[in-house]
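Structural description and commentary
Next come the chains, spelled out residue by residue.
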Protein chains: 2
Amino acid sequence: MKALKILSIGFLISINTTTAQDKPVDDVNPFIGTSNFGATHPGAIAPRGMASVSPFNVAGKQNVLEKDSRWLSNPYVNENTFLTGFTHVNLSGVGCPDLGVIITMPTTGELETDHLKYGTAYTDEVAKAGYYSVNLPKYKVKAEATASTRTGVTRYTFPEGRSNILLNLGLGLTNEQGAMVKVVSPTEIEGMRTVGSFCYNSPEHAYPVYFVARFSKPADEFGIWKKPATYEGEEAQWMTYNGKTRMMKGFTREVIGDSIGAYFSYNLKKSAAVEMKIGVSYVSIANARENLEKETGGLDFDKVYERTKKAWNEKLSKIEVEGGTKEDRTIFYTALYHTLIHPNIFNDINGEYPEISTGKIGKTDNHRYTVFSLWDTYRNYHQFMSMVYPGQQLEMVKNMLDMYDENGWLPKWELNSTETFTMVGDPASVVLADTYLRGLTDFDVEKAYEAMKKSATQLENNPLRPALADYLRDGYVNTSSLADGVVSTTQEYNVADYAIARLARALGKKEDYRSFYKRSLSYRKLFDKKLKLLRPRNADGSWYEPFDPVKGANFEKNMGFIEGNAWQYVFMLTHDAKGMIKLMGGKKDFEAQLDHIFDNGHYDMANEPDIAYGFLYNYIKGSEWKAQKRIRELLDTYYKNAPDGLPGNDDTGTMSAWAIYSMMGIYPITPANPEYTFVVPRFSKITIHLDIDYYKKDKLVITCNNPGESRYIDKIQVGGKEYKGYFISDEALLNAGEVSFRLKEND
Amino acid sequence: MKALKILSIGFLISINTTTAQDKPVDDVNPFIGTSNFGATHPGAIAPRGMASVSPFNVAGKQNVLEKDSRWLSNPYVNENTFLTGFTHVNLSGVGCPDLGVIITMPTTGELETDHLKYGTAYTDEVAKAGYYSVNLPKYKVKAEATASTRTGVTRYTFPEGRSNILLNLGLGLTNEQGAMVKVVSPTEIEGMRTVGSFCYNSPEHAYPVYFVARFSKPADEFGIWKKPATYEGEEAQWMTYNGKTRMMKGFTREVIGDSIGAYFSYNLKKSAAVEMKIGVSYVSIANARENLEKETGGLDFDKVYERTKKAWNEKLSKIEVEGGTKEDRTIFYTALYHTLIHPNIFNDINGEYPEISTGKIGKTDNHRYTVFSLWDTYRNYHQFMSMVYPGQQLEMVKNMLDMYDENGWLPKWELNSTETFTMVGDPASVVLADTYLRGLTDFDVEKAYEAMKKSATQLENNPLRPALADYLRDGYVNTSSLADGVVSTTQEYNVADYAIARLARALGKKEDYRSFYKRSLSYRKLFDKKLKLLRPRNADGSWYEPFDPVKGANFEKNMGFIEGNAWQYVFMLTHDAKGMIKLMGGKKDFEAQLDHIFDNGHYDMANEPDIAYGFLYNYIKGSEWKAQKRIRELLDTYYKNAPDGLPGNDDTGTMSAWAIYSMMGIYPITPANPEYTFVVPRFSKITIHLDIDYYKKDKLVITCNNPGESRYIDKIQVGGKEYKGYFISDEALLNAGEVSFRLKEND
């Protein structure tokens, strides 16, 4: 009772702070994930914003992690110290460099356009949901950023004297080059910048992002700079300007080049703030201008931030938590924030967006989302969307079907209407089936089924499932079928086939159900009983040699596995938990193998294949406490209120979704199987506001008697009744109203 | 009499062929000037066209004169043999490389986008006014070109099989780089290409030319290629495409880059022709499209050519010649053709054009012309325009005043609304005064006078007359004033001051007249009596040492003279013919010095300073026959119906205007002095149709009893009356109705 009393006091304090100051939006720390390759950025963004304003500190050897000296996928790294501007389109939590362009930079004094020279150290960073600010001592400038959905807004407070706002279109995170810029007036610039080649793939699809920049104050002087390529011919002797940066003062025509930019300069009689708005679009400059005007016309920086902050708070308030530490609250709401960045809105405010692969401009009355990192997100992210943001999840599902209509194929890793074909497998099928099976059926499921079957059955020219014929013949992809990742690929095909089977069953297609369910278990043929691991087979059926189960860790390329090794993949197929147990030789051996992985450092929290491993103990009656322990330990070890507070790439919210679920004590352990499994929540009360357009109850309340004190579950009540077991169907959970965890004391 | 009889027969034949087949337009040979650095091109162009389609054969080491291996100013050289396409904006007869972009190329078979690989030898060239064709044996393709004012039209006749039309936006004559391209549909491409830096100057004003290309047949396949700059960072190891040309099949977004292009491919079941129209604009893509549609909408290749041919014939028929050899007719009409290329129309069909230096888009109800190579053209070209095309000349004068309004200064060497500041002096003043004094007064002469005085008096920050203060103080620019060309600069200032003086007198500004006339004679201070040449002085008044009168020939840079040497400049100031004679020590010494120049190879027909030398003998009573002899010899030596049929750069029609005048037996010997001097015409009858909106008589007929047979003038009749002397005022000549030359027999 003592403990309980203390808890109650804590609870009251928590409520007070929550209602008075600590709205969910105030618990977001955008610095989480900005180190340890989390690849998030601390910049300002609106929920699912197309535009965002991130500090850019990855150029220049002054920085520990320099963009051109390694594979680096983010515009900002917390350890770095040398800032060269603010990017206006960004990806969050991805593993490959792209976007990170349309860079602004405030400077003072004489104009300098070389980022290595104008770059600077910085202090006093502040980052909140929808807001970022920093001081630049070199220039005595304070830079602040906010954003509406399609418009980045910055405010630069300059000292007296000459000040400059640079718009650098050469520098960027992407390795693509090529920009156009035109000064329209002393308060407006328009242009475009080429981006693309995500993961160093598909340069032939590199595409432009368009922008219009507006300034609150007319420039006293403006111009363009261009650094042309060096001319190599004989005439170079007369070209005194050869290869040198040229300043084009007052120039108002289009300028094109790889290394160009525009500058707006002011002669300030006293310290003053200049506000800059940059509207973006993937359709046209005209649309970028319309986006800017309709979203931020007549609004100043403060007003835009106020609206964006409000929008964030509304979104984040879909889940309210009570109890738990301040750190846990911050970790939780920042994770929730990170799940609301991608997929992001891709259509302009007039509904237009570039279709995938058709080259046409499509139009939506609703939303077109982009950035579908489906190999990651099929595992838990879209399950989470289905639960908390079902309207958005349905839009995303419809978007995937639109992509199928446009492209002939479901998406795999879609980015701004380019299919990057990153990673392996057929993940969209899983998302479509999972969504339907969770009761979100308001989409053209027959078309979805047709699309899923196409990738599952078309043997030739199948971009989603290469080597499908081998897979269908042998049950697995062999070492001759593909250059690498043959086990992973087989497993991913099994996952997708399981999803098709489940959907087939739901649609009454019994024959398909049987056939695809059978296909979904074929990974078993890769099980090496001696090693108790999956391993690659050759075309003749023999084992691939040499085989080192550890090979593949830390993203090392290998024959069997994609971004992982045999340990990290062996237990991936939770839909066949029973089969896995049997393969291992029974529950004991299954548990021993799981323990071995965790205890010997084979587990990798930073990537997806083993993301559900901690929950697998729930399949072993009596060992569920180990799931509770492992998940608590993983949360404690890898999730922090600190820049390195994510285990690795956030993977567009997948790692964050894992944390949210884990901290709520529930996890959707098997994709396309609408059920959850239980662990210990981190808060005393969690209220998930459900959307009554889709669900019968308007909320699900999860309570826990003493989170953080006790560690293991004693009893679980669902809807007020004692609940047996650690698994619950999606439907039962969402209709329960309340789930109460009673923890054991003194564990 | 025998000779006369033969002549009569020849004359009759000539008349027959003239009226039946040999319309003036059929006497144009666009190959003239395509060798010997004439810098004209044989491509298709309409009179004063903004667009033109020239074969492009100056890229690739296969060519004798390769664009990147030397200073080369033309898209085509007759000696070259390796064709890499057809350029759609071109300069004619200039001394510096620029434009020569928007290059099309027909090929067959597999797509190849590297011009060094797709380039080819060619045969069967045909060039006429408004038409060019060539066979490409490598591809079995016939390529034909014509043009309306702002639209280049090509027709490619392909064999059966796969054929391609390339639109190469990387390759070009200009050293500027940077283009944007977008396939709008299977029959349309739009984009822009950066040009500029004429004479390797003012790269900060490099600007775009916009285009829209339309095809008569939808492409069976289309796409873009882009060769990106090579990425230098660590990530290059993952960029398998680094620095390589990428093919972007079916791509319909904007692509930007230094080395890009579009291709349209056809699978032809049988031989077929594809027509391609490229509308251009210096304002916008929309204007390029409107230009194309309004000029050529609904017209096929043949119809466009028919119209352009008609337009040429009308323009060329302003002067009709009879008698003379077929060669002379061709030389004459080709020269006339060359005077009708620049200045060319710069405004779009809707009247819009980029203003000079303001960055604004201006609008005209009439025409805005561009390419004012005034250092060349003030000497004879604009005089010729005033006589034969007075309406156009007045428009050009008004354009110059518009430029003054826009830019604050009169033009010097204006190119597409950039002031290239090429050459020295203040030539616009001469053109303005000369035009007015020839009776074309329908322009704002007070503004013109104000503009002229501004450049003649503003001591600081004067872009037209650097070192003006030194000039005004000492009468000359000294060797400390400027890095080179100090004598030439002094002489050019004298020329302009003479023009101002003459205009001042006409406007009743007596004080100004006296003062500027005095200024116009100050070159005399640079006369070295010992050498009987002009030579540079130092700041302290001493002669510049060492002094070599020959130095400066062949464009060698030197202290005293711009593109010339002391011999080629000494007699330039014809407005002070009397003074020059006196300086030389009298007529005899004057004549001896002139003879010395001609007889010892110091005369340079290829450039402007000594362009009037041959006529100077007319200042020496009794020696006029030498003028007749020299001019005949110069015509015979330097003007031919052959690619090397111009003495050097045509200088936007100046060299051609010299030939036209010389062949008509009249020459406007002193700029801003409205008088002509006589030599022997090359034709028996020349009818100049005068514009009765400007002149009292509707024609001036020049007859000559036996041109080509006898060589020296016996008697001259003007208006039916015997005429004394070899000079006649502009007014007297144009009101004469007829001028008859009777030549001496048996000379």
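What you are looking at is a predicted structure, and each value in this text was computed from that prediction instead of being measured. (Residues numbered from 1 in each chain as written. Chains lettered and ligands numbered in written order. Predicted model: local features only at pLDDT ≥ 70, side-chain atom pairs only at ≥ 80, totals over all residues. Heavy atoms only, no water.)

**Brief notes about the overall build of chain A**
Counting its secondary structure elements, chain A contains 19 helices and 35 strands. A globule of 747 residues ought to have a C-alpha radius of gyration of about 27 Å, and chain A, at 26 Å, matches this closely. Across the 747 residues in chain A, those meeting the buried criterion constitute 67%. Taking the intrachain contacts of chain A between residues at least 6 apart in sequence as the baseline, contacts between residues at least 24 apart amount to 69%. Summed over its atoms, the accessible surface of chain A is roughly 25,500 Å², and 49% of this surface lies on carbon and sulfur atoms. Taken as two groups, the 87 positive and 94 negative side-chain charges of chain A have centres that lie 3 Å from each other. (Helix = DSSP H or I, 4+ residues; strand = E, 2+ residues; numbered from the N terminus. Rg over C-alpha atoms; globule rule 2.2 N^0.38 Å. Buried < 20%, exposed > 50% of the residue type's maximum accessible area, 1.4 Å probe, protein only. Contact = heavy atoms within 4.5 Å. Areas by Shrake-Rupley, 256 points an atom, 1.4 Å probe, with all protein chains shown as cover. Lys, Arg positive; Asp, Glu negative; His and termini not counted. Charge placed at Lys NZ, Arg CZ, Asp CG, Glu CD.)

**A few points about the relation of the copies chain B and chain A**
Of the transformation superimposing chain B on chain A, the axial component is 0.1 Å and the angular component is 180°, with the fit at an RMSD of 0.0 Å. Each copy turns onto its partner about a two-fold axis. Ranked by how close their C-alpha atoms come to the rotation axis, the residues of chain B are headed by G257 of chain B, at 3.2 Å. Taken as a fraction of all interface residues of chain B, those also at the interface in chain A reach 100%, which identifies the copy contact as same-surface. (Least-squares fit on C-alpha atoms with pLDDT ≥ 70 in both.)

**What to know about the packing of helix α5 (residues 326-339) of chain A against helix α18 (residues 654-664) of chain A**
All names here are of chain A. Their axes nearest at 8 Å, the elements α5 and α18 cross at an angle of 135°. As far as their axial angle goes, α18 and α5 are oblique. Judged by the sense of rotation from one axis to the other, the crossing of α5 with α18 is left-handed. Of the residues in α18, those touching α5 at D328, I331, F332, A335, L336, H338 and T339 are S656, A657, A659, I660, M663 and M664. Classifying every residue of the contact of α5 with α18 gives 9 nonpolar, 3 polar and 1 charged. (Axes fitted to C-alpha atoms, helices over the stretch in contact; angles between N-to-C directions. Parallel < 35°, antiparallel > 145°, perpendicular 65-115°, else oblique. Left-handed = near helix turned anticlockwise from the far one by under 90°. Nonpolar A, V, L, I, M, F, W, Y, C, P; charged D, E, K, R; others polar.)

**As for the sheet that holds strand β25 (residues 418-419) of chain B**
All names here are of chain B. The 3 strands lie next to each other as β23-β24-β25, forming an open sheet whose pairing is antiparallel. What marks the edges here is a single partner per strand, and that holds for β23 (372-373) and β25. Where strand β24 (residues 413-415) lies against β25, 2 bridges are found, and the strand directions are antiparallel. Along β25, the bridge assignment pairs E414 with E419. (Pairing = 2+ DSSP bridges.)

**Notes on the packing of aromatic side chains**
Residues and elements named next belong to chain A. For the coordinates displayed, the defined rule picks out 74 aromatic pairs over all chains. Relative to Y156, the ring of F86 lies with its centre 6.3 Å away and its plane at 45°, an arrangement referred to as tilted. Separated by 70 residues along the polypeptide, F86 in strand β3 (residues 86-87) and Y156 in strand β8 (residues 151-158) bring together distant segments of the chain. The rings of F384, Y389, F615, Y639, W658, Y661, Y667 and Y676 are connected pair by pair, giving a single aromatic cluster. (Phe/Tyr/Trp six-rings, centres within 6.5 Å; stacked < 30°, edge-to-face > 60°.)

**Quick look at the packing of helix α9 (residues 427-437) of chain A against helix α12 (residues 486-506) of chain A**
Residue and element names in this part refer to chain A. Between α9 and α12, whose axes approach to 8 Å, the crossing angle comes to 35°. For the pair α9 and α12, the sense of crossing is left-handed. Across the interface between the two elements, S429, V430, A433, Y436 and L437 from α9 touch V495, A496, A499, R502, L503 and A506 from α12. Its residues assigned to classes, the contact of α9 with α12 comprises 9 nonpolar, 1 polar and 1 charged.

**Things to note about the interface of chain B and chain A**
With 47 residues of chain B in contact, the opposing surface of chain A contributes 47 residues. For the pair chain B and chain A, the summed buried area comes to about 3,900 Å², and 55% of that belongs to carbon and sulfur atoms. Across the contact surface, chain B and chain A share 2 salt bridges. In this structure, the connection of chain B to chain A is made through 20 residue pairs in polar contact (both at pLDDT 80 or more). Elements with a contribution of two residues or more to the side of chain B that touches chain A: β10 (179-185), β11 (188-195), β12 (207-215) and β14 (246-249) of chain B. (Buried area = accessible area lost by both parts, 1.4 Å probe. Salt bridge = Lys/Arg side-chain N within 4 Å of Asp/Glu carboxyl O. Polar contact = N/O pair within 3.5 Å; in protein donor to acceptor, adjacent residues only side chain to side chain.)

**Some details on the pairing of strand β6 (residues 131-136) of chain B**
Residues and elements named next belong to chain B. Judged by how many residues are buried, β6 sits mostly within the fold: 5 of 6 residues are covered. Here strand β5 (residues 123-128) runs beside β6; their pairing, made up of 4 bridges, is antiparallel. Within β6, the residue paired with K128 across the bridge is Y131. If you look at the hairpin formed by β5 and β6, you'll find 2 residues sitting between the two strands, and G130 has a positive phi there, around 85°. Relative to strand β7 (residues 141-147), β6 runs antiparallel, the two being bridged by 5 bridges. Within β7, the residue paired with N135 across the bridge is K142. Count of turn residues in the β6/β7 antiparallel hairpin: 4 residues, of which K140 carries a positive phi of about 55°.

**Things to note about the pattern of salt bridges**
Residue and element names in this part refer to chain A. By the definition in use, this model includes 86 salt bridges over all chains. K509 is paired through a salt bridge with E446; the nearest N and O atoms lie 3.3 Å apart. On the criterion of sequence distance, the pair formed by K509 in the loop between α12 and α13 (510-519) and E446 in helix α10 (residues 445-457) is long-range, its members being 63 residues apart. Shared partners join several salt bridges into a network, and the residues in it are E188, E190, R214, R289 and E293.

**Some details on the side chain of E275 of chain A**
All names here are of chain A. Mapped onto the fold, E275 is located in strand β17 (residues 272-281). Polar contacts involving the side chain of E275 include one to the main-chain amide nitrogen of F301, which spans 2.8 Å. E275 has contacts with T154, R155, R214, F215, S216, D300 and F301, leaving out every residue within four places of it along the chain.

**So, unusual backbone geometry**
In this structure, the amide linkage connecting E545 of chain A to the following residue, P546 of chain A, adopts the cis form with an omega of -10°. Relative to the helices and strands, P546 of chain A is located in the loop between β27 (533-534) and α14 (566-569). In the Ramachandran plot, I102 of chain B falls in the positive-phi region, its phi being about 60° despite a non-glycine side chain. Looking at the element boundaries, I102 of chain B is found in the loop between β3 (86-87) and β4 (103-108). Judged by its relative accessible area of 0%, I102 of chain B falls in the buried class. Even without a glycine there, the phi angle at S417 of chain B is positive, about 60°. Relative to the assigned elements, S417 of chain B resides in the loop between β24 and β25. What makes S417 of chain B buried here is its relative accessible area of 8%.

**Overview of helix α9 (residues 427-437) of chain B**
Residue and element names in this part refer to chain B. With respect to burial, α9 is a largely interior element, 11 of its 11 residues being buried. Listed as buried for α9 are P427, A428, S429, V430, V431, L432, A433, D434, T435, Y436 and L437. Buried residues in α9 make contact with α6 (374-377), α7 (381-388), α8 (390-407), α10 (445-457) and α12 (486-506). Looking one or two residues past α9, G439 carries a phi angle of roughly 95°, positive in sign.

**A closer look at the nonpolar core**
The biggest cluster of nonpolar side chains holds 450 residues, and the ones touching the most others in it are M664 of chain A together with I319 and M664 of chain B. Excluding residues within four positions of it along the chain, M664 of chain B makes contact with I319, F332, F384, P681, I686, I688 and I702 of chain B. Core analysis: the next-biggest nonpolar cluster, separate from the first, contains 16 residues, I256, I285 and A288 of chain A together with I256 of chain B among them. (Core = buried A, V, L, I, M, F, W, Y, C linked by side-chain atoms within 4.5 Å.)

**Observations regarding helix α4 (residues 301-316) of chain A**
All names here are of chain A. Taking 1.5 Å per residue, 16 residues should reach 22 Å; α4 reaches 22 Å between its end C-alpha atoms and fits that length. Within α4 the residues assigned to the buried category are F301, V304, Y305, T308, W312, N313 and L316. Projected onto a plane normal to the axis of α4, the buried residues spread over an arc of 165° and lie on a single side. Pointing more than 90 degrees away from the buried face of α4 are the exposed residues K310 and E314. (Expected span 1.5 Å × (residues − 1). Arc of directions from axis to C-beta.)

**Things to note about the domain arrangement of chain A**
Residues and elements named next belong to chain A. Partitioning chain A into structural domains gives domain 1 (1-30 + 317-346 + 589-747) and domain 2 (31-314). The gap between the C-alpha centroids of domain 1 and domain 2 is 38 Å. Between domain 1 and domain 2, the contact holds 35 residues from the first and 36 residues from the second. Summed over both partners, the interface of domain 1 with domain 2 buries about 2,800 Å², with 57% contributed by carbon and sulfur atoms. Taken together, the connections running from domain 1 to domain 2 amount to 1 salt bridge. (Domains from an automatic or database assignment.)

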